[in-house]
Amino acid sequence: MDKFARLAQALTTTCKKNTPSSRLPRPLVRSHEDFFRPLDMEEAPLYQWFAEPSGPLESKFLSRVLNGRLTKEECRYIGFREQMYRPELIRRTVLEVLGTMLSCQLAYQYGLSSNVAGGTHHARRNKGAGYTILNDLAIAANFITDEKLNKKTIVGVERVLVIDTDVHQGDGTASFSALHDQNRLFTLSLHCADNYPQLKATSTYDVGLPAGCDDDEYMEALQKSVCQAISETKPQFVLYDAGVDVYANDKLGRLKITENGIHQRDRYVIDKCVGEGIPVVAVVGGGYDKDVNALARRHAIVHEECAFVWRK
């Protein structure tokens, strides 16, 4: 959880003056008070938004998560083990989903938005996995394509494309078959083929990259697959999972993407969506580094690129 606090700190402090490698003349955000904030979990109708029949999650699973009643085996499979019973982890889990939903409302209004959390793409309708508990991408896709559920804060959106560039396949998002079968959700996963999960799901589009893939190879695959997915699915909304575990020195990555490569990736996806007139929400996805401040600055890249495209 510390990396999210460090990310907020990076967004309010990082600039050329104090970080020589930064491209920014001033911090992106003036203060912590300038962030948009989602509803508190006590205020939001979680079962209505998250759980069946109106939401995409199994109601009993959601109840066990919210009440700290997952089995030891479920907690082990997620990865947090005994931490899953901590109220602060449960609260963080809910707030990052609510943050993605708020970002969707903002992107619908302004064309572009980014969440300082989110990208929980391994979680399924009835279980969590791979350090992700509730799938914010599936919940958000369901919310923005249901005008009754979102009370017409978002209208006219029938097709959502998830562009997932986390180094691990977005297997959980791909598993929400009801949304896929209704042609409300399409998924593009650009990931390292030789990485978690061992058993891959079937996304609408899967691009498995070889271990050691560098910036040039990556950008070629990204541009080709994004263009194809947008051309064929004709999305009216894009959710972009900008995981930084593609970074060359990420301990769980296996790719050889530089920080400059991450800048190029994020700018391309965001600029492509905005240029096509498609509202886009960016979420931070995965990233793993013992140096949490360095990791936070890496996660800040997508927010920097959102700001760059916004100001064009």
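Conventions we followed
- Residues numbered from 1 in each chain as written.
- Predicted model: local features only at pLDDT ≥ 70, side-chain atom pairs only at ≥ 80, totals over all residues.
- Heavy atoms only, no water.
- Helix = DSSP H or I, 4+ residues; strand = E, 2+ residues; numbered from the N terminus.
- Rg over C-alpha atoms; globule rule 2.2 N^0.38 Å.
- Areas by Shrake-Rupley, 256 points an atom, 1.4 Å probe, with all protein chains shown as cover.
- Lys, Arg positive; Asp, Glu negative; His and termini not counted.
- Charge placed at Lys NZ, Arg CZ, Asp CG, Glu CD.
- Pairing = 2+ DSSP bridges.
- Axes fitted to C-alpha atoms, helices over the stretch in contact; angles between N-to-C directions.
- Contact = heavy atoms within 4.5 Å.
- Phe/Tyr/Trp six-rings, centres within 6.5 Å; stacked < 30°, edge-to-face > 60°.
- Buried < 20%, exposed > 50% of the residue type's maximum accessible area, 1.4 Å probe, protein only.
- Polar contact = N/O pair within 3.5 Å; in protein donor to acceptor, adjacent residues only side chain to side chain.
- Patch = residues over 30% accessible without salt bridge, like charges linked within 9 Å, V, L, I, M, F, W, Y side chains within 5 Å.
- Salt bridge = Lys/Arg side-chain N within 4 Å of Asp/Glu carboxyl O.

Draft legend 1. Quick peek at the overall build of the protein. Tallying secondary structure elements over the protein gives eleven helices and six strands in all. Over its C-alpha trace the protein gives a radius of gyration of 18 Å, about what one expects of a compact globule, namely 20 Å for 312 residues. Working note: accessible area of the protein is about 14,200 Å², and carbon and sulfur atoms make up 50% of it. In the protein, the 39 positive side-chain charges and the 40 negative ones have mean positions that sit 3 Å from each other.

Draft legend 2. Spotlight on the sheet that holds strand β5 (residues 237–241). Across the sheet, six strands lie side by side as β1-β6-β5-β2-β3-β4; this open sheet has parallel pairing. With partners counted over all chains shown, the strands left at the sheet margins are β1 (112–114) and β4 (205–209), one partner each. Neighbouring strand axes in the sheet, compared pairwise and without regard to direction, differ in orientation by 10 degrees on average. Pairing of β5 with strand β6 (residues 280–283), which is carried by four bridges, proceeds in the parallel orientation. Note on β6: the bridge partner recorded for Y240 is A282. Where helix α5 (residues 87–110) meets the sheet, it contacts β1, β5 and β6, and its direction lies at approximately 160 degrees from that of β1.

Draft legend 3. Layout of unusual backbone geometry. A cis geometry characterises the amide bond from E52 onward to P53, with omega recorded as 15 degrees. Here P53 shows up in the loop between α2 (46–50) and α3 (59–66). In the Ramachandran plot, K152 falls in the positive-phi region, its phi being about 60 degrees despite a non-glycine side chain.

Draft legend 4. How the structure looks around the packing of aromatic side chains. For the structure on display, the rule yields three aromatic pairs. Where W49 meets F143, the ring centres are 5.4 Å apart and the plane angle is 65 degrees; that geometry is what we call edge-to-face. In this pair, W49 sits in helix α2 while F143 sits in helix α6 (residues 136–144), placing the two residues 94 residues apart along the sequence. Assigned by exposure class, W49 and F143 land together as buried. Relative to W310, the ring of Y110 lies with its centre 6.5 Å away and its plane at 80 degrees, an arrangement referred to as edge-to-face. In this pair, Y110 sits in helix α5 while W310 sits in helix α11 (residues 292–311), placing the two residues 200 residues apart along the sequence.

Draft legend 5. Up close: the side chain of S22. Inspection of the secondary structure puts S22 in the loop between α1 (2–13) and α2. Here S22 falls in the buried class, since its relative accessible area comes to 10%. There is a polar contact of 3.1 Å between the side chain of S22 and the backbone nitrogen of L24. Ignoring anything within four residues of it in the chain, the contact list for S22 reads T14, C15 and K16.

Draft legend 6. Structural context of a negative patch on the surface. Taken together, the side chains of D214, D216, E217 and E220 define an acidic patch exposed on the protein surface. In this fold, D216 is placed in helix α9 (residues 215–233). The exposure class assigned to D216 is exposed, which follows from its relative accessible area of 64%.

Draft legend 7. Summary view of the pairing of strand β2 (residues 160–164). Counting buried positions along β2 yields five of five residues, so the element is predominantly enclosed. A two-sided burial pattern is seen for β2, the buried positions comprising V160, V162 and D164 on one face and L161 and I163 on the other. In the sheet, β2 pairs with strand β3 (residues 185–192) via five bridges, with the strands oriented parallel. For I163, the partnering residue across the bridge sits in β3 and is L188. Relative to β5, β2 is paired through five bridges, and the arrangement is parallel. Bridge pairing in β5 links L161 to V238.

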